[in-house]
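Examining the three-dimensional arrangement
Each chain is listed here by its residues.
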Amino acid sequence: MARTQQEIIRQGYQALVDSLGVVDAIRFIQHFSPGQGDYTKERHQWLDKKSLEDVFAQMKQPSEDNLNQYEEIIE
């Protein structure tokens, strides 16, 4: 018997909760949330103000955010 999409989703959420616990299952789901807003429009608002050289220079500089972005996941 084939399961419905809703049954698969419910079973998937239950597997996450069983495996990770409620709090960590929610944290996992939030990691993949689609967010909101118009990324393309917002990107142009800040990116159009920078030169390509500025973008490359910023990418090469290690930042505190980049160094610690996985710290929470590893703990």
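Quick note: structure is the one above.
In short, a report on the structure.

Cut-offs and rules
- Residues numbered from 1 in each chain as written.
- Predicted model: local features only at pLDDT ≥ 70, side-chain atom pairs only at ≥ 80, totals over all residues.
- Heavy atoms only, no water.
- Helix = DSSP H or I, 4+ residues; strand = E, 2+ residues; numbered from the N terminus.
- Buried < 20%, exposed > 50% of the residue type's maximum accessible area, 1.4 Å probe, protein only.
- Areas by Shrake-Rupley, 256 points an atom, 1.4 Å probe, with all protein chains shown as cover.
- Salt bridge = Lys/Arg side-chain N within 4 Å of Asp/Glu carboxyl O.
- Patch = residues over 30% accessible without salt bridge, like charges linked within 9 Å, V, L, I, M, F, W, Y side chains within 5 Å.

For the protein chain, the count of helices and strands is six helices and zero strands. Counting helices and strands in the order they occur from the N terminus, the protein chain gives α-α-α-α-α-α. Taken across its 75 residues, the protein chain has 3% of its residues classed as buried. Put simply, the protein chain shows about 7400 Å² of open surface, and 55% of that area lies on carbon and sulfur atoms.

Right, let's get into the pattern of salt bridges. Here the structure, examined in full by the defined rule, presents one salt bridge. Across the salt bridge formed by Arg27 and Asp24, the nearest N and O atoms sit 3.1 Å from each other. You can see Arg27 and its partner Asp24 sitting in helix H2 (residues 22–31), three residues apart, about one turn around the helix. Since its relative accessible area comes to 35%, Asp24 is described here as partly exposed.

Our next topic: a nonpolar patch on the surface. Among the surface-exposed residues, Ile9, Tyr13, Leu20, Phe28, Ile29 and Phe32 lie close enough to one another that they form a single nonpolar patch of about 560 Å² accessible area. When residues of the nonpolar patch are traced back to their parent elements, those giving at least two are helix H1 (5–20) and H2. With three residues, H1 is the largest single contributor of residues to the nonpolar patch. Following the sequence through the fold, Leu20 ends up in helix H1. Judged by its relative accessible area of 37%, Leu20 is partly exposed.

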